[in-house]
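# A structural walkthrough
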Amino acid sequence: MRLCPALSGLFARSGPLRHAATSRPQRRGLLALALGACLTSVLPGPALAAEDWVVGQIGPFTGLPSPDAPDIQAGAKAYFDQVNKAGGVQGRRFSLFTLDDQFNADGFKAALPKALENRPIALISPVGSAALSTLIKERLLDNANLVVINAVPGADSLRNPGHPKLFHIRASDRDQYARMLEHGRTLGVTTLHVLYQELPIGQQGLAAIKEMAPGYGYTRAEGSQSKHDEASLGAAAKEVRGADAQSVIVVGSPKFMADAIKQLRDAGYNRSILALSYLSAPLLVKVAGEAGARGVGIAQTFPNPNGRGLPLQAEFQATMARHAPEVKTYTAFHLEGYLSARVLVEALRRSRGNPSPEALSEALRSAGEQDFGGFRVNFSRGNTGSKWTEMSVIDATGKLRY
């Protein structure tokens, strides 16, 4: 049997225990000290603090006059704080950092290497069709050791083929167009016009709506493209009014859609106007006023964050009240961030704490349908987890009614 170094030294041929001049009490004391040293060398010391699970968010914290990125951050952080308070995952806490891309592709490309320096296990909910198109086309995720959970917007080009490390929670834009077209038919609409922004989201939106409209019984679907400036929008609004369609769908960034609706109302268009989920009611009311916003329909990809009836709504509201008490009114983007965080945490638990992209991807796909309190996510058939949509309408007080 091999002795530890301290005892070996004592029992060595010339060691103190074999030295004739060493008294019995001295030898006992030396033996006790040696045993203590050996125990210290084999017993574990105090546990080192485990590293955090690092999660990043790159988004338009400036450059986009809409609450998308800040609200997503607040919802995600509230859920991470809840998990941390309960002990984290595998005893490790979550930390969330943010980087501002100023709502442009170059800003996103510059922020991504900085984000990777923090060694995150995931990015959550990047925002912007230009930034995300660059992410896909330039294959920026290929060598990144992470997954991306959710993305805004839900343009088809970001999903087909998409990227194997990019998992979408929100329903696609095509799902939203389908809900709008269905909604219009229930109102007796057969002719529509698309006022779309000169961006990928707008151009792809027009193409999708024109392709889908005949299947819903529409006899005419035309479009007008516009840049995001007052002169261009004003001219496009007049063109739309002249087309005399029964309904208009506006497609673009949140501020573009708000400005487009204001121009349509100013041009005298008082019929049905529908918009994508990225437009928030407060932004539209601020731009177009309560009168201009009233009656505008907005497609939604998540349940009413202020509603009741679903366990998800109660759980979300309780989490926000406890961990983000400064937030008094909840938006769909708060709920989107919260759900993005929940999906990531569940994937990490299922992977048994293995944060590699391969392990998280397998955990997401093998989970099958997951029910988050009435909102179901299923990645077993692909990287889009939900097709949930609903229409909401802005009432006379500027509030959304689902």
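The structure under discussion appears in the preceding block.
What you see is a predicted model; the values in this text were computed from it and never measured.

The topology assignment puts Asn383 in the loop between strand E12 (376–378) and strand E13 (390–394). Residue Asn383 is classed as buried on the basis of its relative accessible area, which comes to 17%. Separated by 221 residues in sequence, Asn383 and Gly162 have C-alpha atoms that sit 8.2 Å apart. Each residue touching Asn383, except ones within four places of it in the same chain, is listed here: His163, Pro164, Lys165, Leu166, Phe167, His168 and Arg365. Within the structure, Asn383 has its side chain in polar contact with the backbone oxygen of His163 (distance 3.2 Å).

This part is about the nonpolar core. Residues Val250, Val251, Leu264, Leu279 and Leu284 are the most contacted members of the largest nonpolar core, which totals 55 residues. If near-sequence neighbours (up to four positions away) are discounted, Val250 is found in contact with Leu195, Met257, Ala260, Ile261, Leu264, Leu274, Ala275 and Leu276. With 39 residues, the next largest nonpolar core counts Tyr330, Leu335, Ala347 and Phe379 among its residues.

Cis geometry marks the peptide bond from Val152 to Pro153, where omega comes out at 15 degrees. A cis geometry characterises the amide bond from Asn160 onward to Pro161, with omega recorded as 10 degrees. Assignment of secondary structure puts Pro161 in the loop between strand E4 (147–149) and strand E5 (166–167). Despite not being glycine, Arg119 has its phi angle at roughly 55 degrees, a positive value. Here Arg119 shows up in the loop between helix H4 (105–117) and strand E3 (122–124). Overall, Arg119 belongs to the exposed group, its relative accessible area being 70%.

Our next topic: the environment of Met212. Examined against the element boundaries, Met212 turns out to sit in helix H7 (residues 200–212). Between the C-alpha atoms of Met212 and Ala178, which are 34 residues apart in sequence, the distance is 7.5 Å. Once you skip the residues sitting within four places of it in the chain, Met212 turns out to touch Arg174, Tyr177, Ala178 and Leu181.

The next subject is the pairing of strand E7 (residues 220–226). The side chains of a regular strand alternate between both faces of the sheet. Strand direction decides the pairing type here: strand E6 (residues 191–197) and E7, joined by 7 bridges, are parallel. Residue pairing across strands places Thr191 opposite Arg220, the latter belonging to E7. Viewed along the sheet, the connection from E6 through H7 into E7 turns out right-handed.

Cut-offs and rules
Along each chain, residues carry numbers from 1 onward, in the same order as the chain's sequence is written. Per-residue local features are limited, in this predicted model, to residues with pLDDT of at least 70; the limit for side-chain atom pairs, both in listing and counting, is 80 or more; totals at the level of whole chains, interfaces and linings are taken over all residues. Side-chain measures were taken over the full set of non-hydrogen atoms in the model, leaving aside hydrogen atoms and water. The helix and strand labels rest on DSSP assignments: H or I over at least four residues marks a helix, E over at least two residues marks a strand, and numbering proceeds from the N terminus. Any residue under 20% of the maximum accessible area for its type is buried, any over 50% is exposed, and the rest in between are partly exposed; the area is computed with a 1.4 Å probe on protein chains only. In what follows, a contact means two residues having at least one pair of non-hydrogen atoms within 4.5 Å. Polar contacts here mean pairs of N or O atoms no more than 3.5 Å apart (in protein, one a potential hydrogen donor and the other a potential acceptor; neighbouring residues in sequence count only if both atoms are side-chain atoms). Here, nonpolar core refers to any group of buried Ala, Val, Leu, Ile, Met, Phe, Trp, Tyr and Cys residues whose side-chain atoms link them within 4.5 Å. A pair of strands counts as paired when DSSP detects no fewer than two bridges linking them. With the strands aimed away from the viewer, a crossover counts as right-handed if its path from the first strand over the helix to the second runs clockwise.

Remember, this is a structural readout, not a statement about activity or role.
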